[in-house]
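Fold and geometry: a report
Spelled out, the chains give:
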Amino acid sequence: MATADVERARVEAGIRNLKLSGHVGFDSLPDQLVNKSVQNGFVFNILCIGETGLGKSTLMDSLFNTSFESTPSPHNLPTVKLKAHTYELQESNVRLKLTICDTVGYGDQINKEDSFKAVVDYIDAQFEAYLQEELKIKRSLSAYHDSRTHVCLYFICPTGHGLKSIDLVCMKKLDTKVNIIPIIAKADTISKTELQKFKSKINSELASNGVHIYQFPTDDDSVAEVNASMNAHVPFAVVGSTDFVRVGNKMMRSRQYPWGTVQVENESHCDFVKLREMLIRTNMEDMREKTHMRHYELYRKKRLEQVTIQLLGNFSE
Ligand code: GDP
């Protein structure tokens with residue numbers, strides 16, 4: 001909420017401003033909160049949706065600057081399967097329990113109509129597990145490993161021709177369940193002028209089909225400006241690599257071709273840095289919060305309504 005709105009709400013609620021005549025100590029509350037959060041560690045769960053071979057695993061390695069040791073998936077699976085792996089990462093004294101879920105076999109079947117079903121089931125199953133924990137008489141949510149999906153990175157094939165129907169159908173099915181960030185995969189395979197047209201085409205197709213993608217929040221003054229400008233760059237055109245090339249005295253994550261080198265972290269080569277900045281450094285907490293307050297709340301409401309109707313049905317029998 002903006003400062004003026006906070007002030008107005010306070011006046012309306014009849015809350016008075018008082019001055020303290022000495023130091024009391026509650027100004028340490030933010031530190032107490034930080035210490036507690038650092039002690040508990042953080043959880044973040046990413047779902048990568050995209051066809052096999054679009055560079056999902058490579059991008060995850062590039063984003064977290066590590067090697068998650070994935071095995072390449074075959075193209076001939078009869079159904080879509082979701083595979084989740086959880087890792088413990090640490091940076092300075094901050095621990096992150098990261099779960100990366102991959103859609104194995106997505107888009108590989110001849111009939112792609114139902115590809116989204118396995119994804120919807122997976123997301124709902126994580127919500128259901130949390131709901132069941134919450135409904136227990138003896139709850140232990142603090143020790144519970146929250147597996148709810150905080151963000152879905154939707155990998156778009158760099159065809160230059162706009163979205164495929166599988167993309168639109170899947171994103172539409174998911175947009176009330178998860179924060180979706182669409183990204184153009186393997187963006188080094190598309191020219192600069194084509195890329196701008198491709199981005200506009202994707203955005204207009206998303207809008208005309210009523211697909212709501214995640215908007216980086218602009219209600220917090222400290223990040224409003226950067227988030228607003230980054231919203232205009234979505235879908236981010238990204239490049240990933242597991243290879244490093246020496247540039248000056250630094251080893252840079254790059255892809256080498258006979259005609260030149262693409263540097264993953266070079267902002268004039270692709271939007272990788274923008275994605276990392278938005279996903280990890282600026283808005284991770286907002287995505288965690290929106291998952292709980294918006295998407296989970298909606299699931300919970302629908303489920304509890306269902307349960308109530310069932311109970312009423314049982315009583316009237
Ligand atoms: P996944 O099946 O979606 O997880 O795809 P992988 O990450 O296993 O990548 C499949 C192939 O694409 C590998 O040979 C990667 O080296 C290559 N690849 C990954 N990212 C990129 C990229 O940004 N550009 C290009 N041109 N190739 C990429």
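Just above, that's the structure.
All residue numbers here refer to positions counted from 1 along the written sequence of the relevant chain. Local features in a predicted model are, by the rule used here, given only for residues with pLDDT of at least 70; side-chain atom pairs are given and counted only at 80 or more, and totals for whole chains, interfaces and linings are based on all residues. Side-chain measures were taken over the full set of non-hydrogen atoms in the model, leaving aside hydrogen atoms and water.

**Side note on a negative patch on the surface**
Judged by side-chain charge, Asp219, Asp220, Asp221 and Glu289 come together as a negatively charged surface patch. Working definition: with a 1.4 Å probe on protein chains only, accessible area under 20% of the residue-type maximum means buried, over 50% means exposed, and in between means partly exposed. Residue class for Asp220 comes out partly exposed when judged on its relative accessible area of 40%. Residues with no salt bridge and a relative accessible area higher than 30% make up the patches, which join like charges within 9 Å and nonpolar side chains (Val, Leu, Ile, Met, Phe, Trp, Tyr) within 5 Å. The protein chains shown are the only cover counted for residues, whose accessible areas, like all others here, come from Shrake-Rupley with a 1.4 Å probe. The working definition used for a salt bridge is a side-chain nitrogen of Lys or Arg within 4 Å of a carboxyl oxygen of Asp or Glu. The positive count covers Lys and Arg only, the negative count covers Asp and Glu only, and His and the chain ends enter neither. Working definition for charges: the position is that of NZ of Lys, CZ of Arg, CG of Asp or CD of Glu.

**A word on the pattern of salt bridges**
Oppositely charged side chains are able to pair whenever their charged atoms sit close together. Following the criterion strictly, the structure yields 17 salt bridges and no others. A salt bridge links Glu134 to Arg300; the nearest nitrogen and oxygen atoms lie 3.1 Å apart. Taken together, the residues span a long stretch of sequence, with Glu134 in helix H4 (residues 115-135) and Arg300 in helix H9 (residues 284-316) at a distance of 166 residues. For Glu267, the salt bridge goes to Lys274, with nearest N and O atoms at 3.2 Å. A relative accessible area of 11% means that Lys274 is categorised as buried. Here the residues in one salt-bridge network are Lys199, Glu267, Asp271 and Lys274, joined through shared partners. The helix and strand labels rest on DSSP assignments: H or I over at least four residues marks a helix, E over at least two residues marks a strand, and numbering proceeds from the N terminus.

**Section: the packing of H4 against helix H5 (residues 165-174)**
For helices, the fitted line uses only the C-alpha atoms of the stretch in contact; every axis is such a line through C-alpha atoms, and the angle between N-to-C directions lies from 0 to 180 degrees. In the contact formed by H4 and H5, the axes pass within 9 Å of each other and the chain directions differ by 20°. Here H4 is positioned roughly parallel relative to H5, judged by the angle of their axes. Crossing angle aside, the handedness with which H4 passes H5 is right-handed. Where H4 abuts H5, its residues Ser115, Phe116, Val119, Val120 and Ile123 lie against Ile166, Val169, Cys170, Lys173 and Leu174. Charged means Asp, Glu, Lys or Arg here, nonpolar means Ala, Val, Leu, Ile, Met, Phe, Trp, Tyr, Cys or Pro, and polar covers whatever is left, Gly included. Taken together, the residues of the contact of H4 with H5 sort by class into 8 nonpolar, 1 polar and 1 charged. Roughly parallel refers to an angle under 35 degrees, roughly antiparallel to one over 145, roughly perpendicular to one between 65 and 115, and oblique to any angle outside these ranges. With the far helix as reference, a near helix turned anticlockwise by less than a right angle produces a left-handed crossing, and one turned clockwise produces a right-handed crossing. Contact criterion: two residues are considered in contact whenever any of their non-hydrogen atoms come within 4.5 Å of each other.

Purely geometric numbers; function is a separate question.
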